[in-house]
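What follows is each chain in one-letter form.
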Amino acid sequence: MLSNRISKKGDSHKYNDARKTELSSSGSSKKDLPDDKALDEVNKHITNAFGILRREISKVRKEKEAFEEVAKKLEHVHFSTMLKLNVGGHLFSTSLETMNKDPGSVLHAMFSGRFGTKPGEDGTYFIDRDGTNFRYILNYLRTGKLLLPEDTVVRKELLSEAEFYQIEGILSELKAQPFQDSVILSSEQRHILIDWLRDRLESASEDYVLLYHATRNGWNASNFHSICHREGPTLTVMKSEILSLEDILRNNGINP
């Protein structure tokens, strides 16, 4: 009986020792875990790292955008043969590539090498034309866009020069069909007016210029008169839901 008790007591000691070991091990594991302060420090470092990464990405994107913008501008910079033109006393500098932009033009023919065009003693190519509006032609060849002032005289002069140089893009813009931009006339009405003009103005030029557009030039009668007077035969198209055509014309100082 005594031996059994001792054995049980010994087992009890073993159990208690194991229990103490487990508790001791558990306590040690808790001590090894980082506390809240340490976790905050880690999160702070991670946040700072992400902040630096975002700033670097933003910097790279801005540098890329700046590079692309410069590259786009350089599309109009030609590292090729530079030409100096003397157009009626007006001096211009351009490139051979620009002169060859319109294959069907006189300028392309001049510098294509087919006619042996050579510069003068001063190194310039002389063109015996009025150079006042040549810059509009040159800029159109450079950019493909025709930017003009709202000046009827300039447009007429440029049309004459574009016909000489045979710049089709400029001709198509300046020799637009009449009434094509009208928001008043229907398609049928446009054709009726065009046929009417052709029947009555057989000897007149078929080139029509839009002198006045109310949404562009203003709705004042004074604007209408200042732009349209002394321009020769003109055709005025008006629409009103209140006044008759006769009233409109008389109110604007025009006899129907």
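Residues numbered from 1 in each chain as written. Predicted model: local features only at pLDDT ≥ 70, side-chain atom pairs only at ≥ 80, totals over all residues. Heavy atoms only, no water.

Looking at an unreviewed UniProt entry, the protein carries the name BTB/POZ domain-containing protein KCTD6, with the source organism given as Stylophora pistillata.

1. A look at the packing of helix H5 (residues 134-143) against helix H6 (residues 152-165)
Relative orientation of the contacting elements H5 and H6 amounts to 60 degrees, with a least axis distance of 9 Å. Put simply, H5 runs oblique to H6. The handedness of the crossing between H5 and H6 comes out as right-handed. Between H5 and H6, the residues in contact are Phe-134, Tyr-136 and Ile-137 and Val-154, Leu-158, Glu-161, Ala-162 and Tyr-165, respectively. (Axes fitted to C-alpha atoms, helices over the stretch in contact; angles between N-to-C directions. Helix = DSSP H or I, 4+ residues; strand = E, 2+ residues; numbered from the N terminus. Parallel < 35°, antiparallel > 145°, perpendicular 65-115°, else oblique. Left-handed = near helix turned anticlockwise from the far one by under 90°. Contact = heavy atoms within 4.5 Å.)

2. A few points about the pattern of salt bridges
In total, this model carries 2 salt bridges according to the counting rule given. A salt bridge links Arg-129 to Glu-161, with the nearest nitrogen and oxygen atoms 2.9 Å apart. On the criterion of sequence distance, the pair formed by Arg-129 in the loop between strand S3 (125-127) and H5 and Glu-161 in helix H6 is long-range, its members being 32 residues apart. Exposure remark for Arg-129: the relative accessible area of 24% places this residue in the partly exposed category. (Salt bridge = Lys/Arg side-chain N within 4 Å of Asp/Glu carboxyl O. Buried < 20%, exposed > 50% of the residue type's maximum accessible area, 1.4 Å probe, protein only.)

3. Concerning a nonpolar patch on the surface
Taken together, the side chains of Val-42, Ile-46, Phe-50, Leu-53 and Ile-57 make up a nonpolar region of the molecular surface, amounting to roughly 440 Å² of accessible area. The topology assignment puts Val-42 in helix H2 (residues 36-74). Residue Val-42 is classed as partly exposed on the basis of its relative accessible area, which comes to 44%. (Patch = residues over 30% accessible without salt bridge, like charges linked within 9 Å, V, L, I, M, F, W, Y side chains within 5 Å. Areas by Shrake-Rupley, 256 points an atom, 1.4 Å probe, with all protein chains shown as cover.)

4. Comments concerning the sheet that holds strand S2 (residues 90-95)
Read from one edge to the other, the open sheet built from 3 strands follows the order S2-S1-S3, with strand pairing classed as mixed. Two strands close off the open sheet at either side, each with one partner strand: S2 and S3. Strand after strand, the sheet turns through a mean of 30 degrees between neighbouring axes, direction not considered. In this structure, strand S1 (residues 82-87) lies alongside S2, joined through 6 bridges in antiparallel fashion. Bridging from a neighbouring strand, Leu-83 pairs with Thr-94 of S2. Set on the sheet, H5 makes contact with S1 and S2; between it and S2 the angle comes to about 5 degrees. (Pairing = 2+ DSSP bridges.)

5. Section: the nonpolar core
If you look at the biggest cluster of nonpolar residues, it comprises 27 residues, and the most contacted ones within it are Leu-107, Phe-134, Ile-137 and Ile-170. Top element by residues in this core is H5. It accounts for 6 residues. With sequence-adjacent residues up to four places away left out, Leu-107 is seen in contact with Met-99, Ile-127, Phe-134, Ile-137, Leu-141, Tyr-165 and Ile-167. (Core = buried A, V, L, I, M, F, W, Y, C linked by side-chain atoms within 4.5 Å.)

6. Side note on the packing of aromatic side chains
By the definition in use, this model includes 5 aromatic pairs. One aromatic cluster is present, formed by Phe-92, Phe-134, Phe-164 and Tyr-165 through successive ring pairs. (Phe/Tyr/Trp six-rings, centres within 6.5 Å; stacked < 30°, edge-to-face > 60°.)

7. Some remarks on helix H10 (residues 221-228)
By the burial criterion, the buried members of H10 are Phe-224, His-225 and Cys-228. Seen along its axis, H10 keeps its buried residues to an arc of 95 degrees; they face one direction. Downstream of H10 by one or two residues, Arg-230 has phi in the positive range, about 65 degrees. (Arc of directions from axis to C-beta.)

8. Let's talk about the side chain of Thr-124
For Thr-124, the position within the fold is in the loop between helix H4 (106-110) and S3. A relative accessible area of 10% places Thr-124 in the buried class. Side-chain polar atoms of Thr-124 contact the side chain of Asp-122, separated by 2.8 Å. Sequence-distant contacts of Thr-124, that is, excluding residues within four places in its chain, are made with Lys-84, Asn-86 and Pro-119. (Polar contact = N/O pair within 3.5 Å; in protein donor to acceptor, adjacent residues only side chain to side chain.)

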